[in-house]
Amino acid sequence: MAEIVLDNITKRFPDGALAVNKISLDIADGEFVILVGPSGCGKSTTLNMIAGLEDITEGELRIGGKVVNNKTPKDRDIAMVFQSYALYPHMTVRENMGFALKLAKTPQNVINEKVEEAARILDLTQHLDRRPANLSGGQRQRVAMGRAIVRDPSAFLMDEPLSNLDAKLRVQMRTEVSRIQRRLGTTMVYVTHDQTEAMTLGDRVAVMRNGLLQQVASPQELYERPANLFVAGFIGSPAMNFLGGTVEENAIRTGIGDIPLTGRLQQVLSRSGSGRDVIVGVRPENFEDASSVPADVRPHGITFQASIDVLESLGSEKYIYFTQETGSVDAAELTELARDSGRADTGSGEATVVARLDPETRISEGDNAELWVDGRALHVFDPATGQNLTLGDSGSPASSAGPGGGAAPAQADAGAAGQDTGSAAPPPR
Amino acid sequence: MAAVTTTSRQKLGWGATNLVVIALALIPVLWLASLSFKTPTAILDPSFVPAQWTWGNYTQILSTTQFIRPLINSIGIGLIATLIAVVLASMAAYAVARLRFPGKGVLIGMALLIAMFPAISLVTPMFSIERAIGLFNTWPGLIIPYVAFGLPLGIYTLSAFFREIPWELEKAAKVDGATPFQAFVKVIAPLAAPGMVTTAILVFLFCWNEFLFAISFTSTLASRTAPASLAYFSGSSQFTVPTGPIAAAAVVITIPIVIFVLFFQRRIVAGLTAGAVKG
């Protein structure tokens, strides 16, 4: 059991590439923290630095209060689960799980005891004498977990442990990982590129981009109060819709109409004056079939006409897709998100907007339907810095590190981590 | 129908060509075997099948230290050279496959250069060196050059095998608390064992077949290997050529190779082509 503190950690590769840029993160004892981001954002490098498999170029890493920068992996008392599981093919399941203990010269009867207990937890008892080659993907994954568990380490590190499983098994194992972490109460750092895993698993989620920490917060916080365009676009599925807009007096003019400004948003935006270009973010669930919106709610948003291109019915909900003149939505973050998700055409003049509607709706494909958008749920971003203007500067707990933004990233990051340790201690179990 | 006739004709053509090639390769070997079973008086008999079969040539060579001692030398020198070469090559190959270090390209280049170097051009200087430092006509005098020529072969074959072992296994071993040496011995080496066996076979075959160094750096039975000893066979008198015993000795030397290759054929091919095609 130990807390892990990353203090301005930087990784520069010999070829000069900057993989991780001054990351500061406090991971409390027993906390489950997710590092998430698109490929190449530095999340795996960060994990490898915690494990001791990569050197730390600058900064200080403390595990359980001790600086471990120059310690080898074997002296850090951490266990790691790899994406490919990295099971030793020439050893049986029992030998695989007991390997670390054997290296530590643990007596054989203690090893057997611990391995058998871990096998019971993971439901592997009948497979103990088989070799990894004869196991299914899910079983191998559990052996990899077991190898970590038997050591009773001060922290678990997981590098995309579920990404080699098929979809159904992945969901099942996700619950399993969560259950095991809760049962053992061990600090866990988990790397994934899958935002669903990040949202469902973590006590706190750290979103990374280009080696910089974007925001560290609880999943709900990330979803409701994303610090910037990148976080907003990365978290949530289907992703947030982005529309270009211009600030007018008391409204934002967008492709779907003038959305009235309310409350705090009005205060924040009025200061910067009208005529300012912004990017408006709307979650799919903030659209509704206009006919099903009660009359007393209607004034909080606006209605508009859209021709429905595609309708997907999932039973419990319906997704509709329509094309909109989105105006100039052009930000580095969005280009990167589009590249990551394969929607390389976002940011062009026209884009597809996704809306999640109540399954009761009678809208069908090809209709020219009347839709309603909730003006209260808008997120407004500065196109230049990507900052979420909706959060304003009223001391929001959501931290931000504007890439290329006003605040120096290092300072912003340090502040973020500091703030969050206070507010997001692991929930009592 | 036309297509079928062409195919069968092609088959026939290929079959005939193959037969010719195999015959060209095998007839001398069979001829040698036949000779080894002929009596001394029948050596000049042109018939392929001996008129009178005899084990005399074999009993003669196997009862004299002239051949038994070189056979022991061959086995001893071959095994020791193979062991040293495989151990050193596996370490070097591991470094080549896993580490990025300055001079790696040069190292691989040098290894290739040694493998390609014409041995005959080295014989004279090496003869002088071995005489000077007292290695001439000793086991180490042959083991050292054999290791030197076996290493490039071993490094190439083994680095291909090492490259196929996922790097994450080694990371896992490190996180599990292994030192780099433990990770190599307990995780990487067992997985590369098939590659090491293959390499050992290839290096041993090289040592077993080597003739040039063997004849140049030895002068007595103390270190002469089996292939070299053939050149020193003498007949019953100064004027008789010991054709029968030479043929018998050649067969004796060949038999282990044939058995080896038949047994390990797939291993050897795998070793020579490992890493060539991504599996």
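Residues numbered from 1 in each chain as written. Chains lettered and ligands numbered in written order. Predicted model: local features only at pLDDT ≥ 70, side-chain atom pairs only at ≥ 80, totals over all residues. Heavy atoms only, no water.

**Points about the overall build of chain B**
- Scanning chain B from terminus to terminus reveals 11 helices and zero strands.
- Rg of the C-alpha trace for chain B: 24 Å, well past the compact-globule value of 19 Å for 279 residues, more than 25% over.
- With the principal axes as the frame, chain B shows a C-alpha extent of 75 × 75 × 35 Å.
- Contacts spanning at least 24 positions in sequence make up 74% of the contacts within chain B whose residues lie at least 6 apart.
- About 15,600 Å² of surface is accessible on chain B, with carbon and sulfur atoms providing 75% of the total. (Helix = DSSP H or I, 4+ residues; strand = E, 2+ residues; numbered from the N terminus. Rg over C-alpha atoms; globule rule 2.2 N^0.38 Å. Contact = heavy atoms within 4.5 Å. Areas by Shrake-Rupley, 256 points an atom, 1.4 Å probe, with all protein chains shown as cover.)

**Side note on the interface of chain B and chain A**
- The interface of chain B with chain A comprises 16 residues on the first partner and 21 residues on the second.
- Of the roughly 1,700 Å² buried at the junction of chain B and chain A (both faces included), carbon and sulfur atoms supply 67%.
- The largest share of the area that chain B buries against chain A comes from E168, V175 and D176 of chain B, three residues that together contribute 40% of it.
- Across the contact surface, chain B and chain A share two salt bridges.
- Residues D176 of chain B and R147 of chain A are paired through a salt bridge, measuring 4.0 Å at the closest nitrogen-oxygen approach.
- Residue assignment for the side of chain B that touches chain A shows that the elements contributing at least two residues are α7 (167-175) and α8 (180-209) of chain B. (Buried area = accessible area lost by both parts, 1.4 Å probe. Salt bridge = Lys/Arg side-chain N within 4 Å of Asp/Glu carboxyl O.)

**Quick notes on the packing of aromatic side chains**
- Enumeration over the complete set of coordinates arrives at 23 aromatic pairs over all chains.
- For the ring pair F32 of chain A and Y190 of chain A, a centre distance of 5.9 Å and an interplane angle of 55 degrees mean the geometry is tilted. One end of the pair, F32 of chain A, is in strand β3 (residues 32-36); the other, Y190 of chain A, is in strand β8 (residues 187-192), with 158 residues separating them in the sequence. In this pair, the class of F32 of chain A matches that of Y190 of chain A, namely buried.
- For the ring pair F37 of chain B and Y58 of chain B, a centre distance of 5.4 Å and an interplane angle of 40 degrees mean the geometry is tilted. With F37 of chain B in the loop between α1 (2-36) and α2 (56-62) and Y58 of chain B in helix α2, the pair connects residues that are 21 residues apart, well separated along the chain.
- Residue F37 of chain B is classed as buried on the basis of its relative accessible area, which comes to 17%.
- Looking at Y58 of chain B, the relative accessible area reads 9%, which means it is buried.
- Through successive ring pairs, a cluster of aromatic residues spans Y146, F149, F206, F213 and F217 of chain B.
- Positioned above the aromatic ring of Y223 of chain A is the side chain of R283 of chain A, whose terminal nitrogen or guanidinium carbon lies 3.9 Å from the ring centre. (Phe/Tyr/Trp six-rings, centres within 6.5 Å; stacked < 30°, edge-to-face > 60°. Buried < 20%, exposed > 50% of the residue type's maximum accessible area, 1.4 Å probe, protein only. Lys NZ or Arg CZ within 6 Å of the ring centre and 35° of its normal.)

**Focus on the packing of helix α3 (residues 65-98) of chain B against helix α6 (residues 139-163) of chain B**
All names here are of chain B.
- Where α3 meets α6, the closest approach of the two axes is 6 Å, and the angle between their N-to-C directions is 40 degrees. Considering their axes alone, α3 and α6 lie oblique with respect to each other. Note that α3 runs across α6; the crossing there is right-handed.
- Residues of the contact of α3 with α6, tallied by class, amount to 23 nonpolar, five polar and three charged. (Axes fitted to C-alpha atoms, helices over the stretch in contact; angles between N-to-C directions. Parallel < 35°, antiparallel > 145°, perpendicular 65-115°, else oblique. Left-handed = near helix turned anticlockwise from the far one by under 90°. Nonpolar A, V, L, I, M, F, W, Y, C, P; charged D, E, K, R; others polar.)

**Comments concerning the sheet that holds strand β12 (residues 251-254) of chain A**
All names here are of chain A.
- Read from one edge to the other, the open sheet built from five strands follows the order β13-β12-β11-β14-β20, with strand pairing classed as antiparallel. Here the strands that pair on one side only, and so sit at the sheet edges, are β13 (257-260) and β20 (379-381). When the angles between neighbouring strand axes are averaged without regard to direction, this sheet yields 40 degrees.
- In this sheet, β13 lies alongside β12 in antiparallel orientation, the contact comprising four bridges. Residue pairing across strands places T254 opposite G257, the latter belonging to β13. (Pairing = 2+ DSSP bridges.)

**Comments concerning the confidence of the model for chain B**
Residues and elements named next belong to chain B.
- Put simply, chain B has an average pLDDT of 85, and 91% of its residues get 70 or more.
- Confidence over residues 275-279 falls short of pLDDT 50; this stretch has two contacts with residues more than four positions distant or in other chains.
- Model confidence for the complex is summarised by a pTM of 0.75, with the ipTM given as 0.75. (pLDDT = per-residue confidence, 0-100.)

**Looking at the pairing of strand β10 (residues 212-217) of chain A**
All names here are of chain A.
- Burial runs high along β10: six of the six residues are buried.
- Where strand β9 (residues 204-209) meets β10, five bridges bridge the pair, whose relative direction is antiparallel. Looking at the pairing, M208 lines up with L213 of β10.
- The hairpin turn running from β9 into β10, its antiparallel successor, is two residues long, and N210 in that turn takes a positive phi close to 50 degrees.

**Examining the layout of surface pockets**
- Approximately 930 Å³ is the volume found for the largest pocket.
- Surrounding the largest pocket, 27 residues form its lining, L53, E54 and D55 of chain A together with W167 and K174 of chain B being those nearest its centre.
- Every element with two or more residues in the lining of the largest pocket is listed here: α3 and α7 of chain B.
- With four residues, the single largest contributor to the lining of the largest pocket is α7 of chain B.
- Looking at side-chain class alone, the lining of the largest pocket contains 10 nonpolar, five polar and 12 charged residues. (1 Å grid on protein atoms, 1.4 Å probe; cavity = no way out; pocket = protein on both sides within 12 Å on 5 of 7 lines; lining within 4 Å. Points joined across faces, edges and corners; volume = space filled by probe spheres on them.)

**Considering unusual backbone geometry**
All names here are of chain A.
- Note the cis peptide between S237 and P238, where omega equals 0 degrees.
- Structurally, P238 is set in the loop between α8 (229-234) and β11 (241-248).
- The phi torsion at K105 lies on the positive side, around 60 degrees, for a residue other than glycine.
- Classification of K105 as exposed rests on a relative accessible area of 68%.
- You will see that D152, though not glycine, has its phi angle at about 50 degrees, which is positive.
- Take D152: it is sitting in the loop between α4 (137-149) and β7 (155-159).
- The exposure class of D152 is exposed, given its relative accessible area of 54%.

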